[in-house]
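# Structural features, examined
One letter stands for each residue in the lines below.
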Amino acid sequence: MSTAATLPAPVVAPSFGGFVAAAAAAGRLVVQPRMGFCDPRRMRAGLERTRAAVATTVGTLTIDSYTRVGDLAAARAALVEGTPLNGYPIATHPAGLTRDVLDGVLDPGFPVQVRHGSSRPEAIVRALAAAGLDSTEGGPVSYCLPYGRTPLAESVDNWARCCELLATLVPAPRVPHLESFGGCMLGQLCPPGLLVALSLLEGLFFVRHGIRSVSLSYAQQTDPGQDEEAVRALRRLADEFLPADVDRHVVLYTYMGVFPHTEHGATRLLEASARLAVRAGAQRLIVKTAAEAHRIPTVEENVRALETAAAVAALTERQEDAPGAASEDVDDSEVYREARAFVEAVLELSEDPGRALRSAFARGVLDVPYCLHPDNAGRSRSFLDAGGRLRWSDVGAMPVVPYVAPGGRTPMTADGLLRALYAVAGRYDGPPPPPVGPAP
């Protein structure tokens, strides 16, 4: 939420999606941290600082690893022993304690989202609803394939139940909200067409199971132009495939791969993500901090990142508002065409999005590169072309074609993979400063 002296909060409906929509209508990018602390006092302090930032913000409760995998006994033991956890154990702390953490902080002008990473999220959904919250994120594919070995069919069933549970447990006039993590698969080296398609398909899955407010995600990748195509493609496909009465918005993640090691490099990358969000029409940005490459950031570092992103966003012109800008309605970009091919191929397999997703992975119609999950075919491969765009080198059974560079295909080697993984960090860090020699 903005400070009253600079950015008065808009009047909004009592829901996460309603807040983002009101901010977008006022021309403001919503910025959000990744933040979770085991200690309730630290968690409340983090939310208070986020709310007070000079930016239009939403809060985050990031959940600990034990709770994510369903090991609530281990989470309870850690609390009894005083062992620090790497997030907020929402299913172990009493609901009354979490309500106390949120009391006076959570309101229609400052919604809070629960972020976790679980393919078995029922306990998390029950706990967040009991605490008076109504927004979380994940998905049957995106919180299954990259994070463990839970069978995809089991994750689909778990998420179907949890969508229906969230829709049932959140009372009107609040509107339950789910964000797909599908645009962030593995964080890097996945060509954008597949990321866009997965996010949209998970959004359709949520709607099928009773959710009427969704956000679709995309993680900043390696090329600004390709990223802009991707965000625009996601917005367009959402309008084409989601029911008109479903509230929706697009959320962009600051780059999730190997982060720059220098403060100036990390700040430059964060600023680039804020400009991308505004230019391409994303309504919310999840930030990273200058400390990401080294350790878990402090609250102060998170607030600094939020305010930096908000300041850059305020100075950035949305692309379609620029003089002479082409209409995005006729922008059949390479990313849009590829993403639509994925979506249509999957939806041809079944009218039920969950069944269609299971069949698509079983047949290799969807195949995430470099993902080792047993239910992923593992035949697709990607690479960075000479211009920095992510391309397919091998597509297996997917409904797209591989890219053949001038001079023919070059197989991805271990050295090439490492160079690709570190390419963004190296570009933003720039050359190292010259060594400082002894004084003359």
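Let me begin by describing the structure that accompanies this report.

For the rest of this paragraph, the subject is the pairing of strand β8 (residues 247–253). Counting buried positions over the seven residues of β8 gives five, a clear majority of the element. Two strands pair when backbone bridges link them, and strand β7 (residues 213–219) and β8 are joined in this way by seven bridges, in the parallel orientation. Residue pairing in the sheet places S217 in a bridge with V251 of β8. Where the polypeptide runs from β7 across helix α9 (residues 224–241) and back to β8, its parallel neighbour, the crossover connection is right-handed. Bridging between β8 and strand β9 (residues 284–286) involves three bridges; their strand directions are parallel. Paired with V251 across the bridge in β9 is R284. A crossover links β8 with its parallel partner β9, the connecting element being helix α10 (residues 263–280), and its sense is right-handed.

Okay, the nonpolar core next. L47, L61, I90, L145, V196 and L366 are the most contacted members of the largest nonpolar core, which has 106 residues in total. Look past the residues within four positions of L145 in its chain and what remains in contact with it is L152, M185, F361, V368, C371, H373 and N376. Judged by nonpolar contacts, the second largest core, of seven residues, contains F259, A266, L269 and A272.

By the definition in use, this model includes 26 salt bridges. For the salt bridge of E137 with R115, the shortest nitrogen-to-oxygen distance reads 3.4 Å. Residue E137 is located in strand β5 (residues 135–138), and its partner R115 is located in strand β4 (residues 112–115); the two are separated by 22 residues in the primary sequence. For the residue pair E137 and R115, the accessibility class agrees, reading buried in each case. For the salt bridge of R232 with E228, the shortest nitrogen-to-oxygen distance reads 3.5 Å. Residue R232 and its partner E228 are located together in helix α9, separated by four residues, close to a single helical turn. For E228, a relative accessible area of 14% translates into the label buried. Within the structure, one salt-bridge network assembled from shared partners comprises D223, E229, E334, D385, R389 and R391.

What counts, and where the lines are drawn
Residues numbered from 1 in each chain as written. Predicted model: local features only at pLDDT ≥ 70, side-chain atom pairs only at ≥ 80, totals over all residues. Heavy atoms only, no water. Buried < 20%, exposed > 50% of the residue type's maximum accessible area, 1.4 Å probe, protein only. Helix = DSSP H or I, 4+ residues; strand = E, 2+ residues; numbered from the N terminus. Pairing = 2+ DSSP bridges. Right-handed = clockwise from strand over helix to strand, strands pointing away. Core = buried A, V, L, I, M, F, W, Y, C linked by side-chain atoms within 4.5 Å. Contact = heavy atoms within 4.5 Å. Salt bridge = Lys/Arg side-chain N within 4 Å of Asp/Glu carboxyl O.

Bear in mind that shape data such as this cannot, by itself, settle questions of function.
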